[in-house]
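These are the residues of each chain, in order.
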Amino acid sequence: MKVPFSPPDISEKEIDYVAEALRSGWITTGPKVKKLEKLIAGYVGVPKGSENESPNCVCLNSQTACAEMSLRLLGIGEGDEVITSAYTYTASASVIDHVGAKIILVDTQKDSYEMDYDALEASITDKTKAIIPVDIAGIPCDYDRIFDIVNSPRIRARFQPKTELQKAIGRIAIITDAAHAFGAEFHGQKVGSVADFTNFSFHAVKNFTVAEGGAMTWREIPGVSNQDIYKQLQLFSLHGQNKDALAKTKLGVWEYDIIGTWYKCNMTDIMGAIGLAQFERYPGMLERRKQIIKRFDEELKPLGVKVLSHYTDDYVSSGHLYLTRVPGITPEQRNEIIVKMAELDIATNVHYKPLPLHTAYKNLGFDIKNFPNAYTQFANEITLPLHTCLTDEQVEFVITNYCRILKEYLLCD
């Protein structure tokens, strides 16, 4: 039985909606993307705008683009510092380098994938302009703790804003990498309306996919026009052109201006069409992930395998990844287990190789010795396939074989 790691869940609905977009003759950014932006804004709980107003959501071609545009919107650049976790994918940190700011990495807490919040607080300097927390596996990080830090009188007193938007926020900005967390909740509030700016990924391997894409949402900022933010993000994403293709279709309205020498990272209506279909199906997809996680937990927890709590009184996960840690095994043994699963046609993965282990970050001066907790989390981590294309039979096949293989290493009967 073949069990792929994370195939996209595409139904006939997505295919029909894409065909409709193709037949319409409108395949770049247009009405479908605009509709998806409003739906996402309403779903996460930020202003979705009226018929003639834009929502607090912009759909772009990736979470990476959304994160970089968040930093550029805030005017973060050379001479600034931005803090993120050492235990994440490169996109959380690379965007900091893209804008010319300095990457500050923080270790995880002991026996946790979450950033060490005491270390986070200790890393803040007069140059710190933003923090990029990461909602790993779809589980929200501790936003209460993060906001307590940036709102503390001592930290606020050190904050030195450089732009009007930074002044309006009045403290270090929170820009969440929520690539995994579309649909997650923190204290009953949807991720997307908790941080100042939240960036989602809709890549092919994510819960909610448009093939390649992402969305940025933002909370209301006192004294700042939501429409101005939306307009600036449109300019950033379309070469600085002050009219998008949809606006230029109005009779006689061809002329445009280039406001800045900016970027090209918009989402197309073909992608938007996939998103509209996914949106209709998403509640059921989240529920299916919850069912699979429950079944995995039932069998793996009694073995002593360390797994994440996806559903608690404090938060609700999007159930994006099922991370396991096998006590006592070495990285070499972890790799042996992955190979044994692959020989059975069960694809597994590792999330994540800490950033300081990668060449690019070594070249920036980071040393894994300074991130011992992150390395410990990585050394025995194995991620099981978790997606909505899994049948019940496949779920049981994964469980049966993973438990059997692990018992060889855990010395369980």
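Further up the page is the structure itself.
Since this is a predicted model, take the numbers as computed values, not measurements. (Residues numbered from 1 in each chain as written. Predicted model: local features only at pLDDT ≥ 70, side-chain atom pairs only at ≥ 80, totals over all residues. Heavy atoms only, no water.)

**What to know about the overall build of the chain**
On a plain count of helices and strands, the chain comes out with 14 helices and 13 strands. Oriented by its inertia axes, the alpha-carbon framework of the chain measures out at about 75 × 55 × 40 Å. The 413 residues of the chain split such that 56% are buried. Restricting the contact set of the chain to residue pairs at least 6 apart, pairs at least 24 apart contribute 71%. Entry remark: accessible area of the chain is about 17600 Å², with carbon and sulfur atoms responsible for 51%. (Helix = DSSP H or I, 4+ residues; strand = E, 2+ residues; numbered from the N terminus. Buried < 20%, exposed > 50% of the residue type's maximum accessible area, 1.4 Å probe, protein only. Contact = heavy atoms within 4.5 Å. Areas by Shrake-Rupley, 256 points an atom, 1.4 Å probe, with all protein chains shown as cover.)

**Brief notes about helix α1 (residues 12–24)**
The end-to-end C-alpha distance of α1 is 18 Å, a good match for the 18 Å that 13 residues give at a rise of 1.5 Å each. Listed in full, the buried residues belonging to α1 are E14, V18, A19 and A21. Each buried residue of α1 sits inside an arc of 160 degrees when the element is viewed along its axis, so together they form one side. Set apart from the buried face of α1 by more than 90 degrees, the exposed residues are E12 and R23. With a side-chain oxygen positioned 3.2 Å from the backbone nitrogen of K13, the residue opening α1 is S11. G25 occupies a position one or two residues after α1 and carries a positive phi of about 85 degrees. (Expected span 1.5 Å × (residues − 1). Arc of directions from axis to C-beta. Polar contact = N/O pair within 3.5 Å; in protein donor to acceptor, adjacent residues only side chain to side chain.)

**What about the side chain of N226?**
In this fold, N226 is placed in helix α9 (residues 226–237). On the accessibility criterion, N226 (14% relative accessible area) is buried. A polar atom in the side chain of N226 sits 3.4 Å from the side chain of E220. When near neighbours in sequence (up to four residues on either side) are disregarded, N226 contacts P47, N56, W218 and E220.

**Side note on the sheet that holds strand β6 (residues 185–186)**
An order of β7-β6-β11 is seen for the 3 strands of this open sheet, with the pairing classed as antiparallel. Looking along the sheet, the strands with just one partner apiece sit at the ends: β7 (189–190) and β11 (315–316). Summarising the sheet, β6 and β11 pair through 2 bridges and their orientation is antiparallel. Directly across from F186, in β11, lies its bridge partner Y315. (Pairing = 2+ DSSP bridges.)

**Concerning the packing of helix α10 (residues 269–300) against helix α14 (residues 392–410)**
In contact at an axis separation of 10 Å, α10 and α14 are set at 25 degrees when each is read in the N-to-C sense. On the basis of the axis angle, α10 is roughly parallel to α14. As α10 runs across α14, the sense of the crossing is right-handed. For the pair formed by α10 and α14, the contact residues are R288, I292, R295, F296, E299 and L300 on the first element and D392, V395, E396, V398, I399, Y402, C403 and L406 on the second. By residue class, the composition of the contact of α10 with α14 is 9 nonpolar, no polar and 5 charged. (Axes fitted to C-alpha atoms, helices over the stretch in contact; angles between N-to-C directions. Parallel < 35°, antiparallel > 145°, perpendicular 65-115°, else oblique. Left-handed = near helix turned anticlockwise from the far one by under 90°. Nonpolar A, V, L, I, M, F, W, Y, C, P; charged D, E, K, R; others polar.)

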